[in-house]
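Chain by chain, the residues:
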Amino acid sequence: MKKIKYLLLIVLLTGCTNYKELNSIAITTAISVDYDNINNEYNTLVQVVNTLPKQDISSSNEPNFLNFYSNASSLTETINKIVLESPKKLYTNQTQLLILSEEIIKNHLDEVLDYFIRNPDIRGEMKVVLAPNKEDLKGITIQTLLDSLSSSNIVSSMEESEKEGYIMCTTLNDLLDMYLNPYKEIVLPTIYVEGNLNEANKEENITSTIYKGTVKVGNTAIFKDNNIIKYLSFDEEKYLNIIKGKLKMTSLKYNYKDGYIVFDLYNIKSKIIPDIKNNKVTLSIEGKAKSYETITNNAIESTDKVKVIQNFLNKEIKNNITNIFNDIKDNYNTDVFNFRDSFYKSNPTYFKKNDNNWYEEVFPNLELIVESDIHLYEKGKIKEEIKYVKENR
């Protein structure tokens, strides 16, 4: 929402001092796109900011944003037809979020990417998410209490989820790269509507302390040839992003002895070392960690014990990364790890001569060697250990 306020200020400072001129544009914040195979047409839902003065919005109980539906045989036409309902030109430069259906990804991504990339007002940094179901495409219609724009609320949730390692945000530029690069597969975060969508669209949804309906960040979808083949768990997503070198900090929970330990990892650095001629990839992981939550009567009270726990942590990381790699490789045969791209970059000439059977022979037999060197530098929380001992006497 701050960006929208800055935009209004910039517009005023650069000559648009006439309120009617400002009120003649529809500042777009989110767009969702689906395709109807029965009628052979695109269905779009566009969210725009209510540009009435704030005092007028409050006094007349006007919503902070408006949504417009449109459908047509081409994406350009369906966007342009919105003026039939709202006589304002869409100002898409501030679009934060693009929501795509599974049908779009599977069969119409060419047309959609072509439209948005060619549009000079669209920013390549806007976030892109997948809506697994039809109802999820309407998530931007839900009013929220913490943010006046539902699109901003979704983007903020995604960015906070990324900080915790639950997802990795994808921009329009990222999606374009994954789609056009023949050596990469698509990976997209998802959103979903939880609760009753009809009730969530009512004003009571933002006057109650508990939402009747809301939009949540969902599990990441992985693809092969533009087809969804699996939704990752949040833990699997963390390990995938460690492999790809995109995760700098996160928390990991492991069962230990008679309890469990939650480790807080940071300064994570991952390096891929491809060995194309021997069909191997070495993943080197470095970083630091502390035991954030320790629920066990095996207190970490000595340097030797810290080393034991450190070895345990690195072994668990190695095993979990190896397991997720083997699961995706053996059961889904899709290279969402970008190893194919790493092979190409390491030795383009050799790779091009041996790449014709990547998914038939090379990738199914690829060996991943994981070297984890995370340093545990802090003892467990004494308070938690005392609590555990008392409860288990």
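This structure is a prediction, so every number in the text was calculated from the model and none was measured.

Reading guide: rules and limits
Residues numbered from 1 in each chain as written. Predicted model: local features only at pLDDT ≥ 70, side-chain atom pairs only at ≥ 80, totals over all residues. Heavy atoms only, no water. Helix = DSSP H or I, 4+ residues; strand = E, 2+ residues; numbered from the N terminus. Buried < 20%, exposed > 50% of the residue type's maximum accessible area, 1.4 Å probe, protein only. Contact = heavy atoms within 4.5 Å. Areas by Shrake-Rupley, 256 points an atom, 1.4 Å probe, with all protein chains shown as cover. Axes fitted to C-alpha atoms, helices over the stretch in contact; angles between N-to-C directions. Parallel < 35°, antiparallel > 145°, perpendicular 65-115°, else oblique. Nonpolar A, V, L, I, M, F, W, Y, C, P; charged D, E, K, R; others polar. Core = buried A, V, L, I, M, F, W, Y, C linked by side-chain atoms within 4.5 Å. Pairing = 2+ DSSP bridges. Left-handed = near helix turned anticlockwise from the far one by under 90°. Expected span 1.5 Å × (residues − 1).

### Overview of the overall build of the protein chain
Counting secondary structure elements, the protein chain contains 15 helices and 13 strands. The 393 residues of the protein chain split such that 49% are buried. Partitioning the intrachain contacts of the protein chain with sequence separation of at least 6 by distance along the chain shows that 70% fall at a separation of at least 24. Per element, the accessible surface of the protein chain, about 19900 Å² overall, is 48% carbon and sulfur.

### What about the packing of helix H10 (residues 234–243) against helix H11 (residues 303–331)?
Helix packing geometry: the angle between the two helix axes and the distance between the axes. It is at 10 Å that the axes of H10 and H11 come closest, and there the two elements cross at 95°. Classified by the angle their axes make, H10 and H11 are roughly perpendicular. Side by side, H10 and H11 meet where Glu 236, Tyr 239, Leu 240, Ile 242 and Ile 243 of the first sit next to Asn 320, Ile 321, Ile 324 and Asp 327 of the second. Class assignment for the residues of the contact of H10 with H11 results in 6 nonpolar, 1 polar and 2 charged.

### Some points on the nonpolar core
Counting residues in hydrophobic clusters, the biggest one holds 45 residues, and the most contacted among them are Phe 263, Ile 285, Ile 317, Ile 321 and Phe 337. Apart from the residues lying within four places of it in its own chain, the contact partners of Phe 263 are Thr 250, Ser 251, Leu 252, Tyr 254, Lys 290, Ser 291, Tyr 292, Ile 309, Phe 312, Leu 313 and Leu 376. Of all hydrophobic cores here, the second largest spans 33 residues; its members include Tyr 35, Val 48, Leu 175 and Leu 188.

### What to know about the sheet that holds strand S13 (residues 367–376)
Strand order in the open sheet made by the 4 strands is S10-S11-S12-S13, with mixed pairing throughout. Both edges of this open sheet fall to strand S10 (250–256) and S13, since each of them pairs with a single strand only. The sheet shows a mean angle of 35° between the axes of neighbouring strands, taken without regard to direction. Here S10 runs beside strand S11 (residues 259–275); their pairing, made up of 7 bridges, is antiparallel.

### Notes on the packing of helix H6 (residues 109–118) against helix H8 (residues 172–180)
Packing of H6 against H8 leaves a shortest axis separation of 11 Å and a crossing angle of 135°. Classified by the interaxial angle, the pair formed by H6 and H8 is oblique. In the packing of H6 onto H8, the handedness of the crossing is left-handed. Between H6 and H8, the contacting residues are Leu 109, Asp 110, Leu 113, Phe 116 and Ile 117 on the first element and Leu 172, Leu 175, Leu 176 and Tyr 179 on the second. Across the contact of H6 with H8, the residue classes break down as 8 nonpolar, no polar and 1 charged.

### Side note on H11
If you check H11, its first and last C-alpha atoms are 42 Å apart, about what 29 residues at 1.5 Å a residue would give, namely 42 Å. Two residues or fewer after H11 comes Asn 333, characterised by a positive phi angle close to 50°.

### A closer look at helix H7 (residues 150–164)
The end-to-end C-alpha distance of H7 is 21 Å, a good match for the 21 Å that 15 residues give at a rise of 1.5 Å each. Burial in H7 covers these residues: Ser 150, Ser 151, Ser 152, Asn 153, Ile 154, Val 155, Met 158 and Ser 161. The positive-phi residue at the C-terminal boundary of H7 is Gly 165, with phi of around 90°.

Nothing here speaks to function; it is geometry throughout.
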